[in-house]
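Letter by letter, the chains look like this.
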Amino acid sequence: MNANGTGNGMLEGAVIAVAGAAGPAGRATLLRLAEAGAIVVASDADPTRLAEAVDAARYAHGGATVTGDTVDLLDLAATREWAAKTEKEFGRIDGVVHLVGGWRGSATFAETDLADWDLLEKLLIRTVQHTSLAFHDGLLRSDRGRFLLISAAGASQPTAGNAAYAASKAAAEAWTLALADAFRKAGGDEGPKTAAAILIVKALVHDAMRAERPNAKFAGFTDVKELADAIAGVWERPAPEVNGKRLWLTPQP
């Protein structure tokens, strides 16, 4: 812990890339990682919102290193370039937090629009594939590497109107578990030093949502600040303990 009692020892000086950093969850994560003493490299497709998120984290934690890059994560070459640039600039890469999201659904299964699948496949699967491939080698070189996917309980218990969303999330989870197996094999008899894990929520809630719907219960939802705390906490657990694990932040169905 730092002098304020808020830092994570394993995060002090760690270089963490946050993909999809401009939304509410991304903003909370940037703040939490900066608070813990990490060097945070944020990316998003929206340069204006990204700049606002980066500035907020810098302002909240004076002296923190928080940078922003507008990266098209649907372009593998661009994603690899971002990974290489990050490791070259800071000398290491200790984590990737994948927060790229999106949702499409329908009233019934029969009304599913496969155009929703086309969109969600890009947002929820392709971006995971590209970031994991781009950062794989750098994470293996780290003594505390972590790849974290944020997923949804619906991937394990899909509902009729969420077929495309649940299937996309399930595919992203399977891809991340394959990455975890690669880290396990790379660790050999000593076990993995680098881990890939999945943090699972029912849904996320933040202050603006509560303000818009003051009477809503948001039962089972995870506050973005709680998610950010859970993300930071993964670095405090040994890699073999979290590698290939689904870490539930909501009751498991």
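Remember, it's a predicted structure, so these values are computed and weren't measured experimentally.

Visitor: Let's hear about the packing of helix α3 (residues 76-90) against helix α4 (residues 114-141): which residues, and what values?
Guide: Between two packed helices, what matters for the description is the angle formed by their axes and the separation of those axes. At their nearest, the axes of α3 and α4 sit 8 Å apart, and the two run at 25 degrees to each other. In terms of their interaxial angle, α3 and α4 are classed as roughly parallel. Here the hand of the crossing between α3 and α4 comes out right-handed. Mapping the contact onto sequence places Leu 76, Thr 79, Arg 80, Trp 82, Ala 83 and Glu 87 in α3 and His 130, Thr 131, Leu 133, Ala 134, Phe 135, Gly 138 and Arg 141 in α4. Considering only residue class, the contact of α3 with α4 consists of six nonpolar, four polar and three charged.

Visitor: Lay out the pattern of salt bridges in plain terms, naming residues and giving numbers.
Guide: The tally for this structure, following the rule as stated, stands at 18 salt bridges. Notably, a salt bridge pairs Glu 35 with Arg 32, separated by 3.4 Å at the nearest N-O pair. Here Glu 35 pairs with Arg 32, and both are found in helix α1 (residues 24-35), just three residues apart, close to one helical turn. On the basis of relative accessible area, Arg 32 is assigned to the buried category, the value being 14%. The shortest N-O distance in the salt bridge between Arg 141 and Glu 87 comes to 2.9 Å.

Visitor: Could you give an account of the sheet that holds strand β3 (residues 66-70), with specific residues and numbers?
Guide: Taken in spatial order, the seven strands of this open sheet run β3-β2-β1-β4-β5-β6-β9, and their pairing is parallel. Only two strands of the sheet have a single neighbouring strand rather than two, namely β3 and β9 (246-248). Adjacent strand axes in the sheet meet at a mean angle of 20 degrees, parallel and antiparallel pairs treated alike. When strand β5 (residues 146-152) meets strand β6 (residues 195-201), the two strands line up parallel, connected through seven bridges. Counted as the bridge partner of Ser 151 is Ile 200 from β6.

Definitions and limits used
Residues numbered from 1 in each chain as written. Predicted model: local features only at pLDDT ≥ 70, side-chain atom pairs only at ≥ 80, totals over all residues. Heavy atoms only, no water. Axes fitted to C-alpha atoms, helices over the stretch in contact; angles between N-to-C directions. Helix = DSSP H or I, 4+ residues; strand = E, 2+ residues; numbered from the N terminus. Parallel < 35°, antiparallel > 145°, perpendicular 65-115°, else oblique. Left-handed = near helix turned anticlockwise from the far one by under 90°. Contact = heavy atoms within 4.5 Å. Nonpolar A, V, L, I, M, F, W, Y, C, P; charged D, E, K, R; others polar. Salt bridge = Lys/Arg side-chain N within 4 Å of Asp/Glu carboxyl O. Buried < 20%, exposed > 50% of the residue type's maximum accessible area, 1.4 Å probe, protein only. Pairing = 2+ DSSP bridges.

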